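# Residue-level structure breakdown
Given next are the chains, with one letter for each unit.
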Amino acid sequence: MAAAGGAHWSSRFAFLMASVGFAVGLGNIWRFPYVTGENGGGAFVIIYLGCAILIGVPVLMAELLIGRRGQASPPASMANVAIENKRSPSWKIVGAMGLLAAYTIEIVYAGVVGWVLWYLFKALTTGFAGVDAAAAQATFSGVLQDNVGMLFWTLIGLAITGLIIYSGVKQGIERAVNIMMPLMFMLLLGLAVFNYFNGGFAEAIDWLFTPDFSKIGAATLLAAIGQAFFSIGVGMGGMMTYGSYLPRSISISQSVLIIVFADTLVAMLAGLVIFPAVFNNGLDPAAGAGLIFQTLPVAFAQMPGGYVFAVMFFLMLSVAGITSMVGLVEAVNHWAEERFGIPRHRSALIVVGSIAVFSIVSLMSYNVIGDVSMGGLNFNDIMDYFSNQILLPLGGLLIAVFAGWAVTREVTQDELAPIAGWAYTLWRFLIRYVVPPALLIIFIMGVSE
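To start, this report covers the structure provided alongside it.

What counts and what doesn't
- Counting of residues starts from 1 at the beginning of each chain's written sequence and follows it residue by residue.
- Local features in this predicted model are restricted to residues whose pLDDT is 70 or higher, and side-chain atom pairs enter the listing and the counts only when it is 80 or higher, whereas totals over whole chains, interfaces and linings include all residues.
- Values reported for side chains reflect all heavy atoms of the structure, with hydrogen atoms and water molecules removed beforehand.
- Each aromatic pair joins two rings of Phe, Tyr and Trp (for Trp, the six-membered one) with centres within 6.5 Å, and gets the label stacked for planes under 30 degrees apart, edge-to-face for over 60, and tilted for any other angle.
- Only runs of H or I of at least four residues qualify as helices and only runs of E of at least two qualify as strands under DSSP, and these elements are numbered from the N terminus.
- Whether a residue is buried, partly exposed or exposed follows from its accessible area with a 1.4 Å probe, protein chains only, as a fraction of its type maximum: under 20%, in between, or over 50%, in that order.
- Put simply, a nonpolar core is a bunch of buried Ala, Val, Leu, Ile, Met, Phe, Trp, Tyr and Cys residues held in one set by side-chain atoms that sit within 4.5 Å of each other.
- A contact between two residues is defined here by any heavy atoms of the two lying within 4.5 Å.
- Every axis corresponds to a line fitted to the C-alpha atoms, with the helix fit spanning only the stretch in contact, and the corresponding angles, defined between N-to-C directions, vary from 0 to 180 degrees.
- Oblique is the label for every angle not falling under 35 degrees (roughly parallel), over 145 degrees (roughly antiparallel), or within 65 to 115 degrees (roughly perpendicular).
- Two helices crossing with the near one rotated counterclockwise from the far one by less than a right angle form a left-handed crossing, whereas a clockwise rotation gives a right-handed crossing.
- For this classification, the nonpolar set comprises Ala, Val, Leu, Ile, Met, Phe, Trp, Tyr, Cys and Pro, the charged set comprises Asp, Glu, Lys and Arg, and every other residue, Gly included, is treated as polar.
- In this analysis, the protein atoms alone were mapped onto a 1 Å grid. Cavities are point sets where a 1.4 Å probe fits without being able to get out; pockets are open sets with protein on both sides within 12 Å along at least five of seven lines; lining residues have an atom within 4 Å of a point.
- Grid points are joined across faces, edges and corners, and a volume is the space filled by probe spheres set on the points.
- A helix is expected to reach a length of 1.5 Å times the quantity of its residues less one.
- One speaks of a salt bridge when a side-chain nitrogen belonging to Lys or Arg is within 4 Å of a carboxyl oxygen belonging to Asp or Glu.
- Any pair of N or O atoms that falls within 3.5 Å is considered a polar contact. Within protein, one atom must be able to donate a hydrogen and the other to accept it, and sequence-neighbouring residues count only if both atoms are side-chain atoms.
- A patch is a set of surface residues, each over 30% in relative accessible area and not in a salt bridge, joined within 9 Å for like charges and within 5 Å for the nonpolar side chains Val, Leu, Ile, Met, Phe, Trp and Tyr.
- For the accessible areas, the method is Shrake-Rupley and the probe is 1.4 Å, while residue cover comes only from the protein chains on display.

## Considering the packing of aromatic side chains
The description of an aromatic ring pair uses the distance of the two centres, along with the angle that the planes make with each other. For the structure on display, the rule yields 33 aromatic pairs. The interplanar angle of 70 degrees and the centroid separation of 6.2 Å between the aromatic rings of F22 and Y242 together place this pair among those described as edge-to-face. Here Y242 lies in helix α11 (residues 238-244) and F22 lies in helix α1 (residues 12-23), a separation of 220 residues in the sequence. For the residue pair F22 and Y242, the accessibility class agrees, reading buried in each case.

## With respect to the nonpolar core
Membership of the largest hydrophobic core comes to 155 residues, with the highest contact counts inside it found for W9, F313 and F314. Considering every element that reaches this core, the biggest residue donor is helix α5 (residues 92-125), with 17 residues. The contact partners of F314, leaving out residues within four places of it in the chain, are V116, Y119, L120, A123, F128, I292, F293 and F300.

## Description of the packing of helix α3 (residues 42-70) against helix α10 (residues 218-232)
Any two packed helices are characterised by the angle at which their axes cross and by the distance between the axes. At a minimum axis separation of 8 Å, α3 and α10 run at an interaxial angle of 45 degrees. Accordingly, the angle class assigned to the pair α3 and α10 is oblique. As α3 runs across α10, the sense of the crossing is right-handed. Where α3 abuts α10, its residues F44, I47, Y48, C51, A52, I55, G56, V59 and L60 lie against T220, L221, A223, A224, I225, Q227, A228, F229, S231 and I232. Here the contact of α3 with α10 is composed, by residue class, of 15 nonpolar, 4 polar and no charged.

## Here's the deal with empty space enclosed by the protein
Sizing a probe to match a water molecule and rolling it over the atoms shows the empty space that remains. As enumerated under the stated definition, the model contains 1 cavity of 30 Å³ or more in all. In this structure, the largest cavity is lined by E63, P74, V94, G95, G98, G235, G237, M240, G395 and I399. Elements with a contribution of two residues or more to the lining of the largest cavity: α5 and α16 (379-406). At 3 residues, the largest contribution of residues to the lining of the largest cavity is made by α5. Across the lining of the largest cavity, the residue classes break down as 4 nonpolar, 5 polar and 1 charged.

## Describing helix α12 (residues 252-280)
With 29 residues, α12 extends 42 Å between its outermost C-alpha atoms, agreeing within 8% with the 42 Å of an ideal straight helix rising 1.5 Å per residue. Most of α12 sits out of view: 22 of its 29 residues are buried. Of the residues flanking the end of α12, it is G282, one or two places downstream, whose phi is positive at about 65 degrees.

## Description of the pattern of salt bridges
Inspection of the entire model under this criterion finds 8 salt bridges. With a shortest N-O distance of 2.7 Å, E84 and R69 are connected by a salt bridge. Of this pair, E84 sits in helix α4 (residues 74-84) while R69 sits in helix α3, and the two are 15 residues apart along the sequence. Between R344 and E337 there is a salt bridge, with the nearest N and O atoms lying 3.9 Å from each other.

## Notes on the side chain of S387
Within the secondary structure layout, S387 lies in helix α16. Side-chain polar atoms of S387 contact the backbone oxygen of D384, separated by 3.2 Å.

## With respect to a nonpolar patch on the surface
Residues W405, W422, L426, F429 and Y433 make up a contiguous nonpolar surface patch of about 610 Å² in total accessible area. Of the residues forming the nonpolar patch, the biggest block, 4 residues, is contributed by helix α18 (residues 421-448). By the secondary structure assignment, Y433 is in helix α18. Residue classification places Y433 among the partly exposed positions, given a relative accessible area of 45%.

## Focus on the layout of surface pockets
If you add up the space inside the largest pocket, you get close to 1500 Å³. Together, 47 residues line the largest pocket, and G27, W30, R31, D384 and N388 are the ones closest to its centre. Secondary-structure elements contributing two or more residues to the lining of the largest pocket are α1, α2 (26-38), α5, α10, α13 (290-302), α14 (306-340), α16 and α18. For the lining of the largest pocket, the element with the highest residue contribution is α16, accounting for 9 residues. When grouped by side-chain class, the residues that make up the lining of the largest pocket number 26 nonpolar, 17 polar and 4 charged. By volume, the second largest pocket amounts to about 270 Å³. Along the walls of the second largest pocket sit 13 residues, with V57, M61, L257, A423 and L426 positioned nearest its centre. Only α3, α12 and α18 provide two or more residues apiece to the lining of the second largest pocket. The greatest single-element share of the lining of the second largest pocket, amounting to 5 residues, is contributed by α18.

## As for unusual backbone geometry
Following A417, the chain continues to P418 via a peptide bond in cis, the omega torsion being 0 degrees. When you line up the elements, P418 lands in the loop between α17 (409-416) and α18. Non-glycine residue Q71 carries a positive phi angle of around 50 degrees. Of note, Q71 is situated in the loop between α3 and α4. Judged by relative accessible area, Q71 falls into the buried class, the value being 13%. Backbone geometry at F128 places phi at a positive 60 degrees, although glycine is not the residue there. Within the secondary structure, F128 is located in the loop between α5 and α6 (133-145).

Put into structure tokens, the structure is as follows:
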């Protein structure tokens, strides 16, 4: 049982950069600050951190240990570990669910990354000079009606992702993330410092971190659990795939704490990048998904140094989008390479090419076929519901059950070593008795919406 081509990370740094890059995506950067502000600010942050530690950390540890133990794609890793523990190889279905989730998410996500790249181009060429609210809204509406433009930039994003995957684990993924992730962190810090001196910083701190416990309820708790689980990137095959490349010399438990800390730090920094600009220019902080494409360009047009800020911001978003796409595509590519016995460069072309074809349907759902629906949901809505409301929570639940109940104590303890006895006992308690009911609630709530 060996990872495809015997590939392994050359260092813990490379593994951490790839894993953090996969976990940190566009939704993580804009959604976390927005949800935080709407759900009690600092009170939500406290609950989120608790959920990340009690739910996100145990599941991520489980997914990485299964990947490293199985040394294959997610379906084969699940089957290999199940057989080793005298369980049914049918557990491979859980790994397949993760791959299906990754593929489904990527179809829609590729188009959104295309928007970001297009806006990076707009920032480079115009800096959004003279843009007001009406112009920003008209620009974004124009983007959604321009299928040729959206397809062009979507294909650019997929081409960059495909080239990284095509080049392999060490020459492609490692080389890319070792450059792109430090760049993203530097851009985030630079933008946060810029905002500190440019105004609006105190209001952003208040919006994000002032506890308002009157807003805390069952829905807030559910939002915190969901944000913690999904933002870390488990349940979609990427982390299990990255785990299969993980050498025995690298500690899973220590690495997971770093990944979750870095993922949360990026989300916090993103709030200090986005909201000072919003408050300083009297814009709506509750603009939601439109914040990036319709609200912030107005802020860039009004602020001193707006051109530089705009370019740095969309460059940072582009890096976050590409590194997440790499993790999603690599999970599927690893499986295709293994399942059909074809070389990496051929599987990369097939996987990325198929995503590009389905992305055309996704892009047309914003205009031409937007009214074509099933149960009131268009193509993109169906893809989003199927992946986020069904596959991810159900897959995460089953991974927790598998690691906690189907895999022996000896195997999990061996994979998580070196880990303190009390820490292992806590992990095993959480993965058996806390995580499954929490994810079951998320799944039931998601399906019943």
